[in-house]
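# Architecture and fold: a report
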Amino acid sequence: QVQLVESGGGSVQAGGSLTLSCTASGRAFNYVMKWIRQAPGKEREFLAHITWGGSTYYADSVKGRFTISRDSTKTTLYLQMNNLKPEDTAVYYCAASIDESLLRGDYWGQGTRVTVSS
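Bear in mind the structure is a predicted one, so any value in this text is a computation, not a measurement.

Reading the values: the criteria
Residues numbered from 1 in each chain as written. Predicted model: local features only at pLDDT ≥ 70, side-chain atom pairs only at ≥ 80, totals over all residues. Heavy atoms only, no water. Helix = DSSP H or I, 4+ residues; strand = E, 2+ residues; numbered from the N terminus. Contact = heavy atoms within 4.5 Å. Polar contact = N/O pair within 3.5 Å; in protein donor to acceptor, adjacent residues only side chain to side chain. Disulfide = S-S within 2.5 Å. Buried < 20%, exposed > 50% of the residue type's maximum accessible area, 1.4 Å probe, protein only. Salt bridge = Lys/Arg side-chain N within 4 Å of Asp/Glu carboxyl O. Phe/Tyr/Trp six-rings, centres within 6.5 Å; stacked < 30°, edge-to-face > 60°. Lys NZ or Arg CZ within 6 Å of the ring centre and 35° of its normal.

## Some remarks on the environment of Asp106
- Looking at the secondary structure, you find Asp106 in the loop between β9 (90-97) and β10 (107-108).
- Sequence separation of Asp106 and Val2 is 104 residues, and the distance between their C-alpha atoms is 9.0 Å.
- Look past the residues within four positions of Asp106 in its chain and what remains in contact with it is Ala96, Ser97 and Ile98.
- Looking at Asp106, its side chain comes within polar contact range of the main-chain nitrogen of Ile98, at 2.9 Å.

Structural data, given as C-alpha cells:
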C-alpha cells in the first residue's frame, strides 16, 4: 500500500512562488511520481512527472515555471512553482503510477489547494 500526503498549498499573489511537498510511504518511489492539478470546473491536468531513474517531463503550460524534484531519500516529492498566474489556481495532487501515462494515478494524495490572486 502506498500513502501520499501533500502539503504547502496556500494563497499567493500573481508572480509569486510556492513549493508543494508530497511525503510518500510504502515504496511509492518505485513508481512514476506525478503532479496533477484540477481547477474549479475543469478536468484534471497533468503538470510534471519524475521517474525512478530521475528523468523528468513537463506539460507545456508549466515548463520553465515549475520544477519537479525529490529528496535524496526518495521519500519526498516537490513541486517548485514560480511566476504563478491566476490560472494556476487549482487543487494540486501528488500521484504515483506504474507508467508514464500522463493522467494515470494508481495512488493519489488528498490534494492541496493553491489560490493565485491577480
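## Description of the state of the cysteines
- The full count for this structure, using the stated rule, is 1 disulfide.
- Sulfur-sulfur distance for the disulfide between Cys22 and Cys94 comes to 2.1 Å. Across the S-S bond of Cys22 and Cys94 the torsion is about -70°, and the bridge reads as left-handed. You can see Cys22 sitting in strand β3 (residues 18-25) and its partner Cys94 sitting in strand β9, a full 72 residues away along the chain. As far as burial versus exposure is concerned, Cys22 and Cys94 are alike and both buried.

## Concerning the side chain of Asp88
- You can see Asp88 is positioned in the loop between β8 (76-81) and β9.
- Within the structure, Asp88 has its side chain in polar contact with the backbone nitrogen of Lys85 (distance 2.7 Å).
- Beyond its immediate sequence surroundings of up to four residues, Asp88 is in contact with Arg37, Arg65, Phe66, Asn83, Val114 and Val116.

## With respect to the pattern of salt bridges
- Scanning all chains against the criterion turns up 6 salt bridges.
- Between Arg37 and Glu45 there is a salt bridge, with the nearest N and O atoms lying 2.7 Å from each other.
- Under the relative-accessibility criterion, Arg37 is labelled buried at 6%.
- A salt bridge links Lys63 to Asp60; the nearest nitrogen and oxygen atoms lie 3.2 Å apart.

## A short note on the packing of aromatic side chains
- All chains considered together, the criterion is met by 3 aromatic pairs.
- Ring centres of Tyr31 and Tyr107 lie 5.7 Å apart, and the angle between their planes is 80°; this geometry places the pair in the edge-to-face category. Placement of Tyr31 in the loop between β3 and β4 (32-38) and of Tyr107 in strand β10 is noted, with a sequence separation of 76 residues between them.
- Directly above the aromatic system of Tyr93 lies the positively charged group of Arg44, at a separation of 5.1 Å from the ring centroid.

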